[in-house]
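# Coordinate analysis (summary)
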Amino acid sequence: MDVGNNHIDDMPVISDIKNFDTKSGIWLERLVFNNRLIFIVICALITALLGYQASKVNVTASFEKMIPQNHPYTKNYFANKKELPGLGNQVRVVVESKKGDIMKPEYLEVLRRVSDALVLTPGVDRAWVKSLWTPGVRWSKVTEEGFLGGPVMPARYNGSPETLAELQTNISYAGLMGTLIGLDNRSSMVVVPLLEKDSETGLPLDYKAFSDRLEKIRSKEQTNDYRIHIVGFAKLIGDLIDGMMKVMMFFAAAFLIAGVVVYIYTRCIRSTTMLLICSLVAVTWLLGILVLLGHDLDPYSVLVPFLVFAIGVSHGAQKMNGIMQDIGRGTHRIIAARYTFRRLFVAGLTALLADTVGFAVLMIIDIPVIRDLALSASIGVAILIFTNLLLMPVVLSYIGVCPTAAARSLREETDEGSFVARASKALSFITRRRPATIVVACAAFLAIFGLIVGHHLQIGDLDPGAPELRPHSRYNLDNAYIISHYSLSSDVFAIITRTPERGGFQYAVQVDMDRLQWQLKQLPSVQTVKSVVDLVKLISSGACEGSTKWYSIPSHKRTLDWAATYTVNNNPDMCNLDVSVMPIIAYLSDHKAATLQQVVEVCDKFAKEHNTKDRQFLLAAGSAGIEASTNIVIKKANREMMFYVYLAIVALCFITFRNWRAVVVTIIPLGITSILCEALMVWLGIGVKVATLPVIALGVGIGVDYALYLVSVVIKYQREGVPLEEAYLKALRFTGKVVALVGVTLSVGVITWAFSPIKFQADMGILLSFMFIWNMVGALVVIPALSHFMMQTKSIYKGGASN
């Protein structure tokens, strides 16, 4: 595949369409341009159909799509999910009193209304809701007659001082301080486990609707005297979706900014407008196809339409530039459109294929939400082949460009005093020995510096709370309140103890569980650990008149069997009915990457040393356990993804250039940009996670566009015998100025995301903008410097294969 095998200087100026051979060109050109009206009508019909479908697009999210599907930890979680109520997707609602402690009838009435409203909310696993008002929250104590117990909320409660005192006593017996009751006794919590599917509709839980219901409860019950704090995955996703609605204004901003930047370059309203319209058509097709495929947008893939629009503008600008220069020379607009198609279609196609590969490689990551993003982006980039490589030249063949703008474009290329000519001349000097050596040395220094800094790049979240949102967001403020007022955080790491039926209360199993609990309690990041072992010890002590001397695991089988029966009847969340699945639950101080890694190492080592045929310790359930498995998958996928992205791009570049030296010259700047991007992530305190993992792959896939448009023209001239400096100068004046335009347009388009209320979208905007700019600098500065050392060989002049 040869790119750029015809340049402006090679095309004859034909001002009359009658003098043009309409049968010339490749079959695709003849098919499209000889049937222009039919092609436009077909595109218009497709746009109308897919536009109607696009109006039905939904924005939603799924808890299970956020986690790896085939990692051993998540397989363990899915296999035992039904046996572990409360360790999956749940929301925690805290009702805080501003008037003092919670032992007041007015407060308890507010809590009752909130608890009842949550129990009746669609999508809630009602049997496992916990609050002071639910019968599943129980107390127990040891008396002379044995164990006594019952619901914490007295059956005869009526708000009187007597029943309030009884409630206070029951709370102390149940040990709820720091769990369901705030440490300062000024708030209490409602724990709300969720179903993956709505019990009323049978459809996946609508997180936006569920979050809206929570907000209605909050707005109804929250006053100056009582405040409500809500945390949990469902609320987080609801807030993200609300934030995405605000993000839509950034699409409008990107649209306007791209239009302004392109117009400043072209000074042609009609072609600029058409460029924007064709890019919007691509976005419309994408959204319509996603609806037809049954896919929804989520907080992560919602940025794909922004990227597709920006990429469409960049490729469309190259086509518009070529047509403008031809028309400026006096060529008829139809012929100019066909000339531009001939020059740039293969380069544009290869570049879009590279973009597609960069997105498609993300499919190897075993996280459905990333795979959905990859699918959406791949479809969007493939659509650009039709809308911006074919449709735009055809439409411009009808409307043309402003003659004044065309003359100005030609003057900038030929006038040695113009800014474009002077900048091109200055950049072409980089192909000489001294400036090339300086540039390569600087590039090497930056690469080494980036490697040193990037070595500290971490996997996972680096901040407490929900790093997807701003630190001052209401969700993170609610989370900070709960962490500071409760001893049990929402970051739960659960180890699943699995035995044969009725095997969980064997003495050896209980002892091993106790040993693992003790090891976890020694970690500074673990707040506390609880399991059925605690109940067994309590029962053992209670059976001996409450003596603390007997607060231990009894070795007598009959006592253990009695403990098992008591636990199943009174604490079903600590073991299943057949006593074969028992979680060991560790409450962590945070879910930072280092914290999770430390806990995983301890548990994994213990499991390898103590697992037997009849006794297994399986990692991991709970929110922190699932996040730990996600971090492991991302760590492995990070390098694999980059390897496959670069492998695919090397293959595409080699097919395009047919010279290994040109491939090296193209790839090295991309690699330096990737290294610097990782260093920037370290400097900004951004970890590699679900939200940021795709960024580097996207930046590499899109960044190679610059080199493909530039290097292909350089090689074409070199193969004609033109010296490197002159070849590079010609390439700069033809495609180089548009490379700069594209870099600016892409960067400005995505940097607006930095103002998003959703932090991970802001992070993606900053990182992508950085990569677009540095890829542009690499193409315009580093490539000519490397070319001096790599592309002076005669093999390029002869057009041979790699040597």
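The following refers to the structure shown. Numbers given for residues are sequential positions, taken from 1 along each chain in its written order. This being a predicted model, a pLDDT of at least 70 is required before a residue's local features are given, and a value of 80 or more before pairs of side-chain atoms are given or counted; all residues contribute to the totals for chains, interfaces and linings. Each side-chain value is derived from all of the structure's non-hydrogen atoms; neither hydrogens nor water enter the calculation.

### Digging into the overall build of the protein chain
To qualify as a helix, a DSSP run of H or I must reach at least 4 residues; to qualify as a strand, a run of E must reach at least 2; elements of each kind are numbered from the N terminus. Looking only at helices and strands, the protein chain has 25 helices and nine strands in total. Across its three principal axes, the protein chain shows a C-alpha extent of roughly 110 × 50 × 40 Å. Note on classification: 1.4 Å probe, protein chains only; a residue is buried when its accessible area is under 20% of the maximum for its type, exposed when over 50%, partly exposed between these limits. Classification of the 803 residues of the protein chain by burial places 60% in the buried group. Within the protein chain, residue pairs in contact and separated by at least 24 positions form 80% of the contacts whose partners lie at least 6 positions apart. As displayed, the protein chain offers around 31,600 Å² of accessible surface, 61% of which is attributable to carbon and sulfur atoms. Residues scored as charged are limited to Lys and Arg (positive) and Asp and Glu (negative), so that His and the chain ends carry no count. A charge is said to be at NZ when it belongs to Lys, at CZ for Arg, at CG for Asp and at CD for Glu. If the 76 positive side-chain charges of the protein chain are averaged to one point and the 65 negative ones to another, these points end up 8 Å apart. Residue contacts are defined here by distance: any two heavy atoms, one from each residue, within 4.5 Å place the two residues in contact. In this description, accessible areas are obtained by the Shrake-Rupley approach with a 1.4 Å probe, and a residue is regarded as covered only by the protein chains that are shown.

### Focus: the pattern of salt bridges
The salt bridge criterion pairs a side-chain nitrogen of Lys or Arg with a carboxyl oxygen of Asp or Glu, the two atoms within 4 Å. Applying the stated criterion to the full structure yields 22 salt bridges. Across the pair Glu 29 and Arg 338 runs a salt bridge whose closest N-O atoms are separated by 2.7 Å. With a gap of 309 residues between them, Glu 29 in helix H1 (residues 27–33) and Arg 338 in helix H10 (residues 333–360) connect regions that are remote in the sequence. On the basis of relative accessible area, Glu 29 is assigned to the buried category, the value being 0%. Residue class for Arg 338 comes out buried when judged on its relative accessible area of 2%. One salt bridge in this structure joins Glu 215 and Arg 474, with 3.0 Å as the shortest N-O distance. One end of the pair, Glu 215, is in helix H6 (residues 207–221); the other, Arg 474, is in helix H15 (residues 474–485), with 259 residues separating them in the sequence. Glu 215 gets classed as buried once you look at its relative accessible area, which sits at 18%. Counted as one network, the salt bridges with shared partners bring together Glu 215, Arg 218, Lys 235, Asp 239, Arg 474 and Asp 478.

### A closer look at the packing of helix H9 (residues 304–328) against helix H23 (residues 724–751)
Note on definitions: angles span 0 to 180 degrees between N-to-C directions of axes, and those axes are lines fitted to C-alpha atoms, for helices only across the stretch in contact. Running from N to C, H9 and H23 point in directions that differ by 155°, and their axes come no closer than 9 Å. By the angle between their axes, H9 is roughly antiparallel relative to H23. Here H9 and H23 pass one another in a crossing that is right-handed. Contacts between H9 and H23 involve Leu 307, Ala 310, Ile 311, Val 313, Ser 314, Ala 317, Gln 318, Asn 321 and Gln 325 from the first element and Arg 733, Phe 734, Thr 735, Lys 737, Val 738, Val 739, Leu 741, Val 742, Thr 745, Leu 746 and Val 750 from the second. Of the residues contributing to the contact of H9 with H23, the split by class is 12 nonpolar, six polar and two charged. Orientation labels follow simple angle bins: below 35 degrees gives roughly parallel, above 145 gives roughly antiparallel, 65 to 115 gives roughly perpendicular, and whatever is left gives oblique. Throughout, a crossing is termed right-handed when the near helix is turned clockwise from the far one, and left-handed when it is turned anticlockwise from it by less than a right angle. Only Asp, Glu, Lys and Arg are considered charged, only Ala, Val, Leu, Ile, Met, Phe, Trp, Tyr, Cys and Pro nonpolar, and every remaining residue, Gly among them, polar.

### Things to note about helix H11 (residues 368–399)
Working rule for helices: expected span equals 1.5 Å times residues minus one. In this model, H11 (32 residues) spans 44 Å end to end at C-alpha, consistent with the 46 Å of a helix rising 1.5 Å per residue. Note that bend, as reported per residue, equals the angle between axes fitted to the 7 residues terminating at that residue and the 7 residues originating from it. Where H11 bends most, the angle comes to about 40°, and this point is Leu 391, followed within four residues by the proline Pro 393. Among the 32 residues in H11, 26 count as buried, and that is most of the element. Taken from the residues just after H11, Gly 400 is the one with a positive phi, measuring 65°.

### So, the sheet that holds strand E1 (residues 90–97)
DSSP bridges decide pairing: two strands pair if at least two such bridges lie between them. Strand order in the open sheet formed by three strands is E4-E1-E5, and the pairing between neighbours is antiparallel. Strands at the two margins of the open sheet, each flanked by one partner only, are strand E4 (187–193) and strand E5 (226–232). Averaged over neighbouring strand pairs, the angle between their axes works out to 15° when direction is ignored. Here E1 runs beside E4; their pairing, made up of seven bridges, is antiparallel. Each residue of the ladder has a partner; that of Glu 96, found in E4, is Ser 187. Across the sheet, H6 lies against E1 and E5, angled at about 165° from E5, the strand it touches most. In the packing of H15 onto the sheet, contacts are made with E1, E4 and E5, and the angle to E5 comes to roughly 100°.

### Brief notes about the packing of aromatic side chains
The pairing test for Phe, Tyr and Trp rings, Trp by its six-membered ring, is centres within 6.5 Å, and the orientation test on the planes gives stacked under 30 degrees, edge-to-face over 60, and tilted for anything in between. Within this structure, the stated rule accounts for 11 aromatic pairs. Geometrically, the ring pair formed by Trp 133 and Tyr 157 is edge-to-face, given 5.6 Å between the ring centres and 85° between the ring planes. Placement of Trp 133 in the loop between helix H4 (105–119) and strand E2 (138–143) and of Tyr 157 in the loop between strand E3 (146–151) and helix H5 (161–174) is noted, with a sequence separation of 24 residues between them. A relative accessible area of 23% means that Trp 133 is categorised as partly exposed. An aromatic cluster is built from Phe 33, Phe 341 and Phe 345, whose rings are joined through pairwise contacts.

### Topic: the sheet that holds strand E6 (residues 492–498)
Spatial strand order, E7-E8-E6-E9: four strands in an open sheet with antiparallel pairing. The open sheet has two free edges, formed respectively by strand E7 (526–530) and strand E9 (616–621), since each of these has just one partner strand. Pairwise comparison of adjacent strand axes, ignoring direction, gives a mean angle of 20° for this sheet. Bridge count between E7 and strand E8 (residues 581–588): four bridges; the pairing is antiparallel. Among the inter-strand pairings, Thr 528 is bridged to a residue of E8, identified as Tyr 587.

### A few points about the environment of Thr 630
Among the structural elements, Thr 630 can be located in helix H20 (residues 622–657). Taking the C-alpha atoms as reference, Thr 630 lies 9.0 Å from Asp 366; in sequence the two are 264 residues apart. Setting aside residues up to four positions removed in sequence, Thr 630 forms contacts with Met 66, Ile 67, Pro 68, Ile 367 and Val 690.

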